[in-house]
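Working through the structure, step by step
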Amino acid sequence: MQEVPKGKLLIIGGAEDVGDPEKLSEAQEESRNFRNFEVLQELLPPDAKADHRIEVITTASEEPHEMGKKYQKAFERANISNVGIIHIGNREEAKVPATVKRIEKASAVFFSGGDQFRLSTILGCSQVADVINRKYIQEPGFIVGGTSAGAMAMSAIMIYGGDSSKGLLKGTVKISSGLGLIDHCIIDTHFINRGRFGRLAEAVIMNPSCIGLGLGEDTALVIHNGNDAECRGSGMVVVIDCKGLGHSNIAYVEEGTPISAENLTVHLLTKGNGFTLKERKFVPAKKDIELEENIRSH
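Residues numbered from 1 in each chain as written. Predicted model: local features only at pLDDT ≥ 70, side-chain atom pairs only at ≥ 80, totals over all residues. Heavy atoms only, no water.

1. Let's talk about the packing of helix 3 (residues 97–105) against helix 5 (residues 127–138)
Axis separation between helix 3 and helix 5 bottoms out at 9 Å; the angle between their running directions is 10 degrees. The angle between helix 3 and helix 5 falls in the class roughly parallel. Listed contacts from helix 5 to Thr99, Val100, Ile103 and Glu104 of helix 3 are Gln127, Val128, Val131, Ile132, Arg134 and Lys135. The class makeup of the residues in the contact of helix 3 with helix 5 is five nonpolar, two polar and three charged. (Axes fitted to C-alpha atoms, helices over the stretch in contact; angles between N-to-C directions. Helix = DSSP H or I, 4+ residues; strand = E, 2+ residues; numbered from the N terminus. Parallel < 35°, antiparallel > 145°, perpendicular 65-115°, else oblique. Contact = heavy atoms within 4.5 Å. Nonpolar A, V, L, I, M, F, W, Y, C, P; charged D, E, K, R; others polar.)

Rendered as structure tokens:
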């Protein structure tokens, strides 16, 4: 039986608010759920101690220094201090003692966006990854965050490629191993903006024991106990569940053939909605329950 993690996961759908008003998307500007730095603030919980240290790991990016500067500025705008940037460009650098020691002392680590395959192949089973996994399992309050590719790489089974326009054609989705921080989900990001429903649906149909988590931009799931997820941010998370999967042709049709599937269950989560990953149950937001009760009482 897998040990229940004491830490927290923060998986972000990409394009989270970093305090640059010129780059706020139209959806963010119009959404009534939008709040400045809401997603990034999850890396600094209200009860954080004065020495709370966030280490940003830029491994997924082909321009790590520029990516590091971007997040350094973002955290400064959000009034979050004590932030470090770690550039790990190959597997040798993932076992440098000084780097491993920084991770040991960190209160939170944050994986930037870029290429999830690059991130998982450089850090997978490395000393840095081992420390992160151990701290996530054993240390209450430890936070592992990631955005875009950095979020996708957290699962044990990871999407690393697949043309969104050809979703649900057998063979278009490319799967590999991720970092294994969560083992019963497959994560996709930029989900609404880039039309990735077909891509994630195919990945989950191929792996029906997993739940598909499609995260919209400036939207995140905060996951406690490796199970209890709650939505944050201005957009939407789409959950695809194949537990009740009936007929599917995926096992026997040729590659390039459209996939059919029966009884996919889809949930839509917005801010405050929750989902229990092991029980596969939607949890209504408290504010929605209160609103319904107020309407009924009148």
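2. With respect to the packing of aromatic side chains
Under the criterion given, the structure shown has four aromatic pairs. Taking the centre distance of 6.4 Å and the plane angle of 85 degrees together, the rings of Phe75 and Phe110 count as edge-to-face. With Phe75 in helix 2 (residues 64–77) and Phe110 in strand 4 (residues 108–111), this pair connects stretches of sequence that are 35 residues apart. Overall, Phe75 belongs to the buried group, its relative accessible area being 0%. Through pairs of rings, three or more aromatic residues link up here, namely Tyr71, Phe75 and Phe110. (Phe/Tyr/Trp six-rings, centres within 6.5 Å; stacked < 30°, edge-to-face > 60°. Buried < 20%, exposed > 50% of the residue type's maximum accessible area, 1.4 Å probe, protein only.)

3. A word on helix 5
Compared with the 16 Å implied by 1.5 Å per residue over 12 residues, the 16 Å span of helix 5 between its first and last C-alpha is a close match. Within the span of helix 5, buried status applies to Val128, Ala129, Val131, Ile132, Lys135, Tyr136 and Ile137. Against strand 1 (8–12), strand 2 (54–57), helix 3, strand 4, helix 4 (116–123) and strand 5 (143–147) lie the buried residues of helix 5. (Expected span 1.5 Å × (residues − 1).)

4. A closer look at the sheet that holds strand 1
Strands sit in the order 3-2-4-5-1-10-11-14-15 across an open sheet of nine strands; the sheet is mixed. One side of each edge strand has no neighbouring strand; the edge strands of this open sheet are strand 3 (83–86) and strand 15 (281–283). Looking at each pair of strands side by side, their axes are set apart by 20 degrees on average, direction ignored. Relative to strand 10 (residues 219–224), strand 1 runs antiparallel, the two being bridged by five bridges. Across the sheet, the residue bridging to Ile12 is Ala220, located in strand 10. With respect to the sheet, helix 3 is in contact with strand 2, strand 3 and strand 4, its orientation differing from that of strand 3 by roughly 145 degrees. (Pairing = 2+ DSSP bridges.)

5. Examining the nonpolar core
Within the largest apolar cluster, 60 residues are counted, with the highest numbers of intra-cluster contacts made by Ile57, Leu123, Ile132, Val144 and Leu221. Look past the residues within four positions of Leu123 in its chain and what remains in contact with it is Ile57, Thr59, Ile88, Arg91, Ala94, Phe111, Val128, Ala129 and Leu179. With 22 residues, the next largest nonpolar core counts Leu10, Met67, Phe75 and Val222 among its residues. (Core = buried A, V, L, I, M, F, W, Y, C linked by side-chain atoms within 4.5 Å.)

6. Details of the UniProt feature "active site" (unreviewed entry) in the protein chain
According to UniProt, the "active site" (unreviewed entry) feature falls on Ser148, His190 and Glu217. Sequence-wise these annotated residues cover 70 residues; spatially they are packed, their C-alpha atoms never more than 8.7 Å apart. By the element assignment, Ser148 lies in the loop between strand 5 and helix 6 (149–152). Residue classification places Ser148 among the buried residues on the basis of a relative accessible area of 13%. Aside from chain neighbours lying at most four places away, what touches Ser148 is Ile12, Gly13, Gly14, Gly113, Thr189 and His190. Considering the arrangement of structural elements, one finds His190 in the loop between strand 8 (185–188) and helix 7 (197–206). (UniProt positions renumbered as here; feature names shortened; annotations may be inferred.)

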